[in-house]
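Residue-level structure breakdown
Listed below are the residues making up each chain.
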Amino acid sequence: MDSKNKELADESTSARRGFLSKSAALGVAGVAAGLTACKDDAGAAKGAAAGAAKAAGGHEVAPGQLDEYYAFISSGHSGEMRALGLPSGRTLKRIPVFNIDCMVGWGVTNESKAIMGTKADGSLKYTTGDTHHVHGSYKDGTYDGRWLFVNDKIHSRLARVRMDTMECDKIVELPNVMGFHGMFPDKCDPVDSKINYTTRVFCGGEFHIPLPNDGRDLEDPSKWGALFSCVNAETMELMWQVRVDGNMDLVATSYDGKLAASNQYNTENAADLSGMMSSERDACVFFNVERIEKLVKDGKFTTIAGSKVPVVDGRAAANGDPKTAITCYVPVGKNPHGVNASPDGKYFVCSGKLSPTATVIDLALVAKWFAGEVKTPRDTVVAEPEIGLGPLHTAFDGKGNAYTSLFLDSQCVKWNVDAAIAQFKGDKNAKVILEKLDVHYQPGHNYSSMGETKQADGKYLNSGNKFSKDRFLPIGPLHPETEQLIDISGANMKLIADHTAYSEPHDGIIVRRDVVKTRQIYNMDDFPNAVKPETAGIERKGNKVHVRLMSVAPAYSMPVIKVKKGDEVTITLTNHDKVEDLAHGCALPTYNINFIVNPQETKSVTFKADHAGAFWLYCTHFCHALHLEMRSRFLVEA
Ligand code: K7E
Ligand code: CUA
Ligand code: CA
């Protein structure tokens, strides 16, 4: 940094302090009051905890008090992930993943583009996304607070979000997969039970395609196929893929790490609607993870075209002997949607969609089938109760009850798993259906508090409804979705709140707040390109100009930045403010640049200075009473 810049930085710091102390003394500045309040957040959180407990029973969380749970949800074709507080339903954050977000600059900065993936010319490879399923990483059967994973159905990508910063840090594209829909992390290693945490993420491919999809077999869909993929959770690289018969939809994993499964609505391998509905039963396909990895290790795999990922054959024809099979196709109700693991680790429940049933599959029996001790895959089914019309997804309360969304009935049905098993065995007095509650309207996923962990606590159930119709003030043709919160702690389900959601959340998880440990301020040294006083300033190499900028409220380190028309300009901005919540923006008119930097964070952008003139580089994020004055002149000489 040249001495002038340093002077400016020092000056702006002291100017800010001077301003703040003065305004605080006068008692006029909301900024100053806010900053002071931030410092005592430990005490504030304690008070809020007591308050939240008091508010139990209702969904209202009084001002200044904190929610008991986070909900992390998908957003469908808006391409992001969202964080809400429950029970209030307050939106806490939109986490851009596959979409472009000009508030934070996701898809604008060099760093986010590198995560999203670029073409040779540096532009984004994709600008659209379709997120359906969010799941957290596990340890010992419950969330470890490390990562969230989310799928992109359109471009078959898996993304990872760090839970400490709630930002996406990696995205991988699955080769030879189209319509990557269901996804679930594993909870344990299949062989080494000491590895009792997530190391793999399983991904189901929904649409069958020519393999490879290079123009061959266009007229013969019977030759097309779908792949089940495994991604290394740490490196986010592909480990292996399995070719299956039919398609895949949702994915579930067992607590012992040995099994993963996907429901299949197109066992017919059909290419049109009537064909996909032609069989009376479809399937839930189970994967024997240990055997798959043994095949891969022994080199018994192929690869597809340019991909190096090992592909093993999981089709029924290649898996006739259960003792060596890597897949087991369990017949379930027609065109199922959804497969969910019960928190006691014993069962997977697969809903019928076109059959009014849910199929309960006993995982111990699946393991026995793989050992050659069970006659047919269908013998692993221990219950198949009739529960209502259009059953899709099932959540659990940890007390033996299941809650299935009924799309056609617009209801949530509560049923008892043990009673369903007793009924299946012939007990005519078994009371399977406990209650049906109307939801508004046409529910897709539902999900319960901690319900996909061993710590399912049976407090809340969220019903994500696809149609809201008359539920909210009209806003034109496109209605919001309804998210409805149901209290499931008592004998009866109680609908306690509606809130809107912008289209279109599918699945989510409800996580106890103590699981989530966030960082409020970055470490400057986490960013190798951080701009420090000694490196700040402008550097030219031929027509490449690097502007190394620092921000300290309410100024950037350079009041004037001069470049020449035609230069390739990189602006790297490090926010030197250390105060929690003190982010700055960086917008450059005409040049389509807009991003923010959080405290101690560094981001960069690169662009061609192809318009001569004066452009005000200004702060977009309200940071200070002199926020509007926080701007520098970016001068492009003709
Ligand atoms: Cu049912 Cu994509 Cu999980 Cu939508 S999926 S609801
Ligand atoms: Cu810096 Cu607004
Ligand atoms: Ca079917």
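For the structure, see preceding data.
Please read these numbers as outputs of a predicted model, since none were measured by experiment.

Structural notes on the overall build of the chain
Within the chain, the regular secondary structure consists of 8 helices and 39 strands. Taken over the C-alpha trace, the chain has a radius of gyration of 27 Å; the compact-globule value for 638 residues is 26 Å, and the two agree within 12%. Referenced to the eigenvectors of the C-alpha coordinate spread, the extents of the chain come out at roughly 85 × 60 × 50 Å. Put simply, 60% of the contacts in the chain that link residues at least 6 apart link residues at least 24 apart. Of the side-chain charges in the chain, 72 are positive and 78 negative, and the distance between the mean point of each set is 3 Å.

A few points about empty space enclosed by the protein
This model, assessed by the stated rule, comprises 2 cavities of 30 Å³ or more. What the largest cavity holds in volume is close to 110 Å³. Along its surface, the largest cavity is lined by 16 residues, and His 135, Asn 340, His 445, Glu 452 and Asp 507 are the ones closest to its centre. For the lining of the largest cavity, the element with the highest residue contribution is strand S25 (residues 443-448), accounting for 4 residues. Taken together, the residues that form the lining of the largest cavity break down as 6 nonpolar, 8 polar and 2 charged. Looking at the second largest cavity, its volume works out to about 40 Å³. When residues in the lining of the second largest cavity are grouped by element, the largest group, 3 residues, is from strand S17 (residues 339-341).

Details of unusual backbone geometry
Note the cis peptide between Leu 86 and Pro 87, where omega equals 15°. Its place among the elements puts Pro 87 in the loop between strand S2 (80-86) and strand S3 (90-96). That bond from His 440 to Tyr 441 is cis: its omega, -10°, falls within 30 degrees of zero. Considering the arrangement of structural elements, one finds Tyr 441 in the loop between strand S24 (433-438) and S25.

Topic: the pattern of salt bridges
If you walk through the whole model with that rule in mind, you get 29 salt bridges. Note that Lys 459 is salt-bridged to Glu 68, the shortest N-O span being 3.0 Å. Within this pair, whereas Lys 459 is found in the loop between S25 and strand S26 (460-465), its partner Glu 68 is found in the loop between helix H3 (41-54) and strand S1 (69-74), the two being separated by 391 residues in sequence. Here Lys 459 falls in the partly exposed class, since its relative accessible area comes to 33%.

Side note on the packing of aromatic side chains
Evaluation of the coordinates by the stated rule reveals 16 aromatic pairs. Their ring planes at 45° and their centres at 5.1 Å tell us that Tyr 591 and Phe 607 sit as a pair that is tilted. A residue pair is termed long-range when its members are at least 10 positions apart, and Tyr 591 in the loop between strand S35 (584-588) and strand S36 (593-597) and Phe 607 in strand S37 (residues 602-608) qualify at 16 residues. Of the two residues, Tyr 591 and Phe 607, both sit in the buried class. For the ring pair Tyr 591 and Phe 615, a centre distance of 5.2 Å and an interplane angle of 75° mean the geometry is edge-to-face. Pair noted here: Tyr 591 is in the loop between S35 and S36 and Phe 615 is in strand S38 (residues 613-618), with a separation of 24 residues, a long-range link. This pair shows no difference in class: Tyr 591 is buried, exactly as Phe 615 is. Ring pairing ties together the aromatic residues Phe 202, Phe 228, Trp 240 and Phe 287, which thus form one cluster.

A few points about the pairing of strand S5 (residues 142-152)
The two faces of the sheet receive side chains in turn, since in a regular strand these alternate between them. Among the 11 residues in S5, 9 count as buried, and that is most of the element. Sheet topology note: the strand S4 (residues 134-139)/S5 ladder contains 5 bridges and is antiparallel. From the neighbouring strand, Lys 139 faces S5, where its bridge partner is Thr 142. Linking S4 back to S5 in an antiparallel pair, the connection comprises 2 residues, with Asp 140 at a positive phi of about 55°. Pairing analysis gives 6 bridges linking S5 to strand S6 (residues 157-162), with the strands arranged antiparallel. From the neighbouring strand, Leu 148 faces S6, where its bridge partner is Val 161. Once S5 ends, the chain turns through 4 residues before running back antiparallel as S6, passing Ser 156 with a positive phi of about 55°.

What about the coordination of the calcium ion (ligand 3)?
The protein atoms that coordinate the calcium ion (ligand 3) are Tyr 265 (O), Glu 268 (OE), Glu 268 (OE), Met 276 (O), Asp 282 (OD), Asp 282 (OD) and Asn 335 (OD1), at distances spanning 2.3 to 2.7 Å. Binding-site remark: the calcium ion (ligand 3) is held by donors from one chain whose sequence spacing is Y-x2-E-x7-M-x5-D-x52-N. Remark: Asn 335 occurs in the loop between strand S16 (327-332) and S17 and Tyr 265 occurs in the loop between strand S13 (259-264) and helix H5 (273-276); sequence separation between them is 70 residues.

With respect to the nonpolar core
Grouped together as the largest cluster of nonpolar side chains are 48 residues, with contacts concentrated most on Phe 72, Val 97, Phe 228, Trp 240 and Val 242. Sequence-distant contacts of Phe 228, that is, excluding residues within four places in its chain, are made with Phe 202, Cys 203, Gly 204, Trp 240, Gln 241, Val 242, Met 248, Val 251, Ala 260 and Phe 287.

Considerations on the side chain of Glu 481
Secondary-structure assignment places Glu 481 in strand S27 (residues 481-487). For Glu 481, which is buried and forms no salt bridge, the nearest opposite charge comes from Lys 466, at a distance of 4.8 Å. Polar side-chain contacts of Glu 481 include one of 3.2 Å to the side chain of Ser 503. When near neighbours in sequence (up to four residues on either side) are disregarded, Glu 481 contacts Asn 465, Lys 466, Ser 468, Phe 472, His 499, Thr 500, Ala 501, Ser 503, Glu 504 and Pro 505.

Notes on the sheet that holds S1
The 4 strands are arranged S3-S2-S1-S29 in an open sheet whose pairing can be described as antiparallel. Edge positions in the sheet fall to S3 and strand S29 (508-512), since each of these pairs with one other strand and no more. With direction set aside, neighbouring strand axes in the sheet form an average angle of 20°.

Looking at a nonpolar patch on the surface
A grouping of Leu 273, Met 277 and Leu 354 is seen on the molecular surface, where their side chains present a nonpolar patch of about 280 Å² in accessible area. Its location among the elements puts Met 277 in the loop between H5 and strand S14 (282-288).

Rules of the game
Here the residue numbering is sequential within each chain, running from 1 through the sequence in written order. The order in which chains are written sets their letters, starting at A; the order in which ligands are written sets their numbers, starting at 1. Under the rules for a predicted model, residues below a pLDDT of 70 receive no local features and side-chain atom pairs below 80 are neither given nor counted, while totals for whole chains, interfaces and linings still include all residues. Calculation of side-chain values draws on the structure's entire complement of heavy atoms; hydrogens and water are dropped beforehand. Counting from the N terminus, the helices are the DSSP runs of H or I reaching at least four residues and the strands are the DSSP runs of E reaching at least two. A radius of gyration in this sense is built from C-alpha atoms; the matching globule rule multiplies 2.2 Å by the number of residues raised to 0.38. Whether two residues are in contact is decided by their heavy atoms, any of which lying within 4.5 Å being enough. Charged residues are defined narrowly, with Lys and Arg counted positive, Asp and Glu counted negative, and His plus the chain ends left uncounted. Charge placement uses NZ in Lys and CZ in Arg. For Asp and Glu, CG and CD serve respectively. Here a cavity denotes a set of grid points, spaced 1 Å apart and computed over the protein atoms alone, in which a 1.4 Å probe fits but from which it cannot get out, and a pocket denotes an open set meeting protein on both sides within 12 Å along at least five of seven lines; residues with an atom within 4 Å of a point are reported as lining. Grid points are joined across faces, edges and corners, and a volume is the space filled by probe spheres set on the points. In this classification, Asp, Glu, Lys and Arg are treated as charged, Ala, Val, Leu, Ile, Met, Phe, Trp, Tyr, Cys and Pro as nonpolar, and every other residue, Gly included, as polar. The salt bridge criterion pairs a side-chain nitrogen of Lys or Arg with a carboxyl oxygen of Asp or Glu, the two atoms within 4 Å. Exposed residues in this analysis have more than 50% of their type's maximum accessible area, buried residues have under 20%, and partly exposed residues fall in between, with area computed by a 1.4 Å probe over protein chains only. A pair of Phe, Tyr and Trp rings is counted when the ring centres sit within 6.5 Å of each other, with Trp represented by its six-membered ring. The angle between the planes then sorts it: under 30 degrees is stacked, over 60 is edge-to-face, the rest tilted. Pairing between two strands requires that DSSP report at least two bridges joining them. The donor definition counts N, O and S atoms within 2.8 Å of each metal and applies 3.2 Å to Na, K and Ca; water is not among these atoms, so some sites may look incomplete. Each nonpolar core is a collection of buried residues, namely Ala, Val, Leu, Ile, Met, Phe, Trp, Tyr and Cys, held together in the definition by side-chain atoms within 4.5 Å. Any pair of N or O atoms that falls within 3.5 Å is considered a polar contact. Within protein, one atom must be able to donate a hydrogen and the other to accept it, and sequence-neighbouring residues count only if both atoms are side-chain atoms. Here an axis means a line fitted to C-alpha atoms, over the contact stretch when the element is a helix, while the angle between two N-to-C directions is reported on a 0 to 180 degree scale. Surface patches are drawn from residues lacking salt bridges whose relative accessible area is over 30%; two like charges belong together within 9 Å, two nonpolar side chains (Val, Leu, Ile, Met, Phe, Trp, Tyr) within 5 Å. All accessibility values rest on the Shrake-Rupley procedure with a 1.4 Å probe; residue burial counts only the protein chains present in the view.

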